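# Fold and geometry: a report
Listed below are the residues making up each chain.
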Number of protein chains: 2
Amino acid sequence: MYRTHTNGELRINAVDKEVVLSGWVQKVRDKGFMIWVDLRDRYGITQLIFDEERTSKEVMQAASELSREYVIRVTGTVIERESKNPQLPTGDIEILVKELTVLNRSKTPPFTIEDETDGGEDLRMKYRYLDIRRTPIRENLILRHQVSMEVRNYLSQKDFIEVETPYLIKSTPEGARDFVVPSRMNKGQFYALPQSPQTFKQLLMVGGMDKYFQIVRCFRDEDLRADRQPEFTQIDCEMAFVTQEDILNTFEGLTKHLLKAIKGVEVSEFPRMTYEDAMRLYGNDKPDIRFGMQFGELNEAAKHRDFNVFNQAELIIGIAVPNGNSFSRKEIDALINWVKRPQVGAMGMVYVRCNEDGTFKSSVDKFYQEEDFAKWAEITGAKPNDLILILSGDTHKVRPQMSALRMHLGAQLGLRKKDEFAPLWVVDFPLLEWDEETGRYYAMHHPFTAPKAESIQLLESNPGAVKANAYDLVLNGNEIGGGSIRIHDKETQSEIFKFLGFSPEEARKQFGFLMDAFEFGSPPHGGIAFGLDRLAAILGGQESIRDFIAFPKNNAGRDVMIDAPAPLDEEQLKELNLNLQIDEADSSIPRH
Amino acid sequence: MYRTHTNGELRINAVDKEVVLSGWVQKVRDKGFMIWVDLRDRYGITQLIFDEERTSKEVMQAASELSREYVIRVTGTVIERESKNPQLPTGDIEILVKELTVLNRSKTPPFTIEDETDGGEDLRMKYRYLDIRRTPIRENLILRHQVSMEVRNYLSQKDFIEVETPYLIKSTPEGARDFVVPSRMNKGQFYALPQSPQTFKQLLMVGGMDKYFQIVRCFRDEDLRADRQPEFTQIDCEMAFVTQEDILNTFEGLTKHLLKAIKGVEVSEFPRMTYEDAMRLYGNDKPDIRFGMQFGELNEAAKHRDFNVFNQAELIIGIAVPNGNSFSRKEIDALINWVKRPQVGAMGMVYVRCNEDGTFKSSVDKFYQEEDFAKWAEITGAKPNDLILILSGDTHKVRPQMSALRMHLGAQLGLRKKDEFAPLWVVDFPLLEWDEETGRYYAMHHPFTAPKAESIQLLESNPGAVKANAYDLVLNGNEIGGGSIRIHDKETQSEIFKFLGFSPEEARKQFGFLMDAFEFGSPPHGGIAFGLDRLAAILGGQESIRDFIAFPKNNAGRDVMIDAPAPLDEEQLKELNLNLQIDEADSSIPRH
């Protein structure tokens, strides 16, 4: 037997008990005649004491040879500590050790196993199994487990059935790139890994499952931007016989439940905002509404003077920074430099100081008058002692620029509070999105999204104006979920495929099974999917998803711990009927 | 709004309520002046009534045009039925329809959507979304969901944490074939899909997670035998600081809980049997102990006469078929033919009838005497009116032959009862298994399994005799779970790798990360994995797993519904730096 108790369990009422504990050596304090060891496991830390007078010579000797991260088992008696540690749940007691067994030794770990480690990201990832021993990472993984359990139990109680859909499916070139899997049994053919179980969950609705969910891995072979993973986990949901309203209510219920169960936070009804309003007021379809600084559009109030920068701009946006008048000239210059960085890309920034006495001082004083500034203050909601910051330019550029500035200021001013949760539904998304590069429209959500009945007739005349029954759930400036009511009849689906440039043959080849299914009594249906990695990170109060994934990949898509991907044996390639086609220059691939 | 109630919900107390229902048309009975429609959804069936006198002309007309599998919404009033249907939970009421909307029409489905369908396997798989509408399939999927939920809640309450491990990992040629995934970002390199998360769960133990589980998809590129799937689901579990005894107790607890929660069956302590005993008594390492007919070994009692067949056999096994004396000569001949089929492969079979009066009548009367038969009856446990069946030959052939016969008879005699559950632990598996074909030993479980301390010294002298800390959980003749205590030190692991023919370089290349991990304080650990597909099927009282998987693949590894795998676009292959290497003869791959 390795233990009678865990290391987080013993309290003062256990005094005099004989116990067996196992775990890792967190710390050794060796005073010669007395040795204290902090013994750690997932559940906590218990102090062991070895004492010349009460512990045998052999055990003293063995204890003196212990070192960090050794795995040991001890037998001993629970005694009351002389100097108690109120920081520790087990801090009232210690174990007077009688027997000690070293279960495994440890080399000195490459970084310290402490809450604040000295290990850099690369080292931590290479030795992820040691990183996971650290309390913050362990707690992230436990939080993620709790979120999954709460989701499953909540949805299951609401009659949702978790159905597992296949991972070996078919590649569909539309959308992001698929990871593919060569089939040995079907020569020259490939499976693809799902980017999401979209079509399968729709088929489950056609199949009468009524309410489906699945916590499911999804795969996208994208060039990885920061904080994206080639494999990620989705809480995937679908319901039949529902309107958009039913779905918003159901998943608002789930989200409220999670906030309550995981964070103890009660949130009342979630506000809703149209996509148009989100873009106009926040320059962004996932606004962080934990703080204000809504955009004020200043075109009318700023284009009547001789300031050419504004006069030539498509859109002029101002925001009021609360108490921003206290910013020094240097601080304002830093903000100007910040928006001019290539990542943001603004050409410059105008500012207006709103003085305590109701007067203004601005960088465009020679073009504008007090009454102009007063108007701008009114539009942006600036009060005395605020600072108005103004950007201008093309709408599709200036909005994201101002959004970035707003988020930057929100962080700088401490307005993006970790333990505050501000959910928001963004609704009425456009059905289609114009792509400059390829000169065509794409489905903004995906090609199965139902257009709003009242705007479908615009599809030919003004495609960009067609609205979809699509919605996102935004939490603290992150899209945590998104979904739509789906098309459920073959005619509309064919029309949309055609509009998106699918020939009837292509549509048939890729989605024939779905079109067929729609002819056998497909019910109205819709759904939503949440990003579990992101949701767990936000509930954990963190920005990066990487430490909420047990074994994440780096930005090159590599698992540096197991060293994957890796070259295959010739034999394996041959069985798959594959040849590597490698340029001369690449022919000697280094093994990472 | 599509519905106020589901179709399984309304009872007599709802009479006079105005309700909205949606669902599929299961059946239409049109009497002209009156039309009845059975409306179906996941929750049940509700009868609708359209009545010339009380329903408007338009609605009557629309109702008369309804057909099987149409999707409709109705508004109407709950009324008491004149002739109640006690078979149906909603059988006391019906809905007098006021409004009818056809939400979607349906072509005539290719098979009937009934419990007993007229659709063959191929057709059902092609239109799986229609097959899922059938109650038996839907209930299988719901049962599977319930099993998953019970497993998760039980383990979670026992402090297990579900941790998601990666699906894009590294190929290891040992064991079954991997499915591989070419990496676009890492040219010439491949990920592999996991055959199980084995090394990751061990690393989680090294990482101090203490108790881990995951319901996880696994992938094996095997030539598919009947009832195997290229992707399958495992309940994967691992614990640190445990002995084999701890693991058996923990998962006996889980299995008891499942039997109770899912089937309402209470099972007391699970019997345990060594691998050796299982092979000796049942010829099989997963005996179905719902019924007897244990093997009796007759070598000593049958080799002393002139019957050469027995005298030359390595092993002679008899079983006593209860009341088998009632078998006609024809029935016995059928059994003899059955064991001689190539799938079983016996050369012949001897039988002994045990007469009511204590005498015997056998097919080898001329070689043996009454006293021999009496001895055989004693060894096989045959009583008057039983039938002793005897096979002989090489041990490794005759045991599986007799096992097959025993199972065949168990089924024929109705002894393998669907609703009886007989779990069994099989323990003390050999560490190694000799492979005739390659002339070497392989790990019987996997190369991470710990040998029993007391037998490890036999590794060089008598490898086949080394026992492992490995165990299987058997339920009704199926292995539903298997696991082992793992090696947790680098030395033993290196020794085993070496014995299995890994060079130090190969071991390093494939499992270096694990060997490294073992040097940083790896705790003793062990685990188990259950096959969820099989477990769900057995709990559902069925033999085949296919109808417990929403979208299974056929024996060629194809999903015939979505038509996968499929050829890739040239473009995709190019991006992956791959060429297809296809023989001339194969060059025109037909599209299935």
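Above: the structure in question.
Attention in this report is confined to the structure presented alongside it.

Here is what the cut-offs are and how they apply
Residues numbered from 1 in each chain as written. Chains lettered and ligands numbered in written order. Predicted model: local features only at pLDDT ≥ 70, side-chain atom pairs only at ≥ 80, totals over all residues. Heavy atoms only, no water. Salt bridge = Lys/Arg side-chain N within 4 Å of Asp/Glu carboxyl O. Buried < 20%, exposed > 50% of the residue type's maximum accessible area, 1.4 Å probe, protein only. Pairing = 2+ DSSP bridges. Helix = DSSP H or I, 4+ residues; strand = E, 2+ residues; numbered from the N terminus. Contact = heavy atoms within 4.5 Å. Axes fitted to C-alpha atoms, helices over the stretch in contact; angles between N-to-C directions. Least-squares fit on C-alpha atoms with pLDDT ≥ 70 in both. Buried area = accessible area lost by both parts, 1.4 Å probe. Nonpolar A, V, L, I, M, F, W, Y, C, P; charged D, E, K, R; others polar. 1 Å grid on protein atoms, 1.4 Å probe; cavity = no way out; pocket = protein on both sides within 12 Å on 5 of 7 lines; lining within 4 Å. Points joined across faces, edges and corners; volume = space filled by probe spheres on them.

### Comments concerning the pattern of salt bridges
All names here are of chain A. Here the structure, examined in full by the defined rule, presents 93 salt bridges over all chains. A salt bridge links R124 to D131; the nearest nitrogen and oxygen atoms lie 2.9 Å apart. On the accessibility criterion, D131 (0% relative accessible area) is buried. With its nearest N and O atoms 3.9 Å apart, the salt bridge here joins K417 to E420. For E420, a relative accessible area of 29% puts it in the partly exposed group.

### Topic: the sheet that holds strand 16 (residues 387–393) of chain B
Residues and elements named next belong to chain B. Pairing within the open sheet is antiparallel, and its 5 strands lie in the order 12-13-16-14-15. Lying at the two open borders of the sheet, with one neighbouring strand each, are strand 12 (296–297) and strand 15 (360–362). Against the sheet, helix 10 (residues 329–340) engages strand 14 (350–354) and strand 16, with an angle of about 150° to strand 14. Where helix 12 (residues 395–412) meets the sheet, it contacts strand 12, strand 13 (315–321) and strand 16, and its direction lies at approximately 10° from that of strand 13.

### So, the pairing of strand 18 (residues 432–435) of chain A
Residues and elements named next belong to chain A. Relative to strand 19 (residues 440–443), strand 18 runs antiparallel, the two sharing 4 bridges. Directly across from L432, in strand 19, lies its bridge partner A443. Connecting strand 18 to the antiparallel partner strand 19 that follows it, the hairpin turn spans 4 residues, and G439 within it adopts a positive phi of roughly 65°.

### Some details on the relation of the copies chain A and chain B
Once chain A is rotated about the relating axis by 180° and shifted along it by 0.0 Å, it coincides with chain B to within an RMSD of 0.1 Å. Between the two chains, the operation in question is that of a two-fold axis. Looking at chain A, 100% of its interface residues are interface residues in chain B too, so the copies touch through the same face.

### A look at the interface of chain A and chain B
How big an interface is tends to be reported as the loss of accessible area on association of its parts. Between chain A and chain B, the residue contacts involve 134 residues of the former and 134 residues of the latter. Roughly 11700 Å² is buried in total at the junction of chain A and chain B, and carbon and sulfur atoms are behind 58% of that figure. Summed over the shared surface of chain A and chain B, the number is 16 salt bridges. We note a salt bridge from B:R152 to A:E162, for which the minimum N-O separation is 3.6 Å. Among the residues forming the side of chain A that touches chain B, the class breakdown is 68 nonpolar, 29 polar and 37 charged. Pairing of strand 23 (residues 578–580) of chain A with strand 23 (residues 578–580) of chain B involves 3 bridges; the strand directions are antiparallel. Within strand 23 of chain B, the residue paired with A:L580 across the bridge is B:L578.

### Quick word on the pairing of strand 17 (residues 423–427) of chain A
All names here are of chain A. Counting buried positions over the 5 residues of strand 17 gives 5, a clear majority of the element. Of the two faces of strand 17, the one holding P423, W425 and V427 and the one holding L424 and V426 are both buried throughout. Inspection of the sheet shows strand 11 (residues 272–274) paired to strand 17 by 3 bridges, in the parallel sense. The partner of M273 across the bridge, within strand 17, is V426. Bridge analysis of strand 17 against strand 20 (residues 470–475) gives 5 bridges, and the strand direction is antiparallel.

### What about empty space enclosed by the protein?
Tallied over the entire structure, the rule returns 12 cavities of 30 Å³ or more. In this structure, the largest cavity spans a volume of roughly 330 Å³. Forming the boundary of the largest cavity are 25 residues, of which A:R152, A:E162, A:I215, B:R152 and B:I215 lie nearest the centre. Of all the secondary structure elements, the ones that give two or more residues to the lining of the largest cavity are helix 4 (135–157) and strand 9 (211–219) of chain A together with helix 4 (135–157) and strand 9 (211–219) of chain B. Grouping the constituent residues of the lining of the largest cavity by class yields 7 nonpolar, 8 polar and 10 charged. Estimated volume of the second largest cavity: approximately 150 Å³. As for the second largest cavity, its lining consists of 19 residues, and the residues nearest its centre are A:E164, B:R144, B:R217, B:I549 and B:A550.

Purely geometric numbers; function is a separate question.
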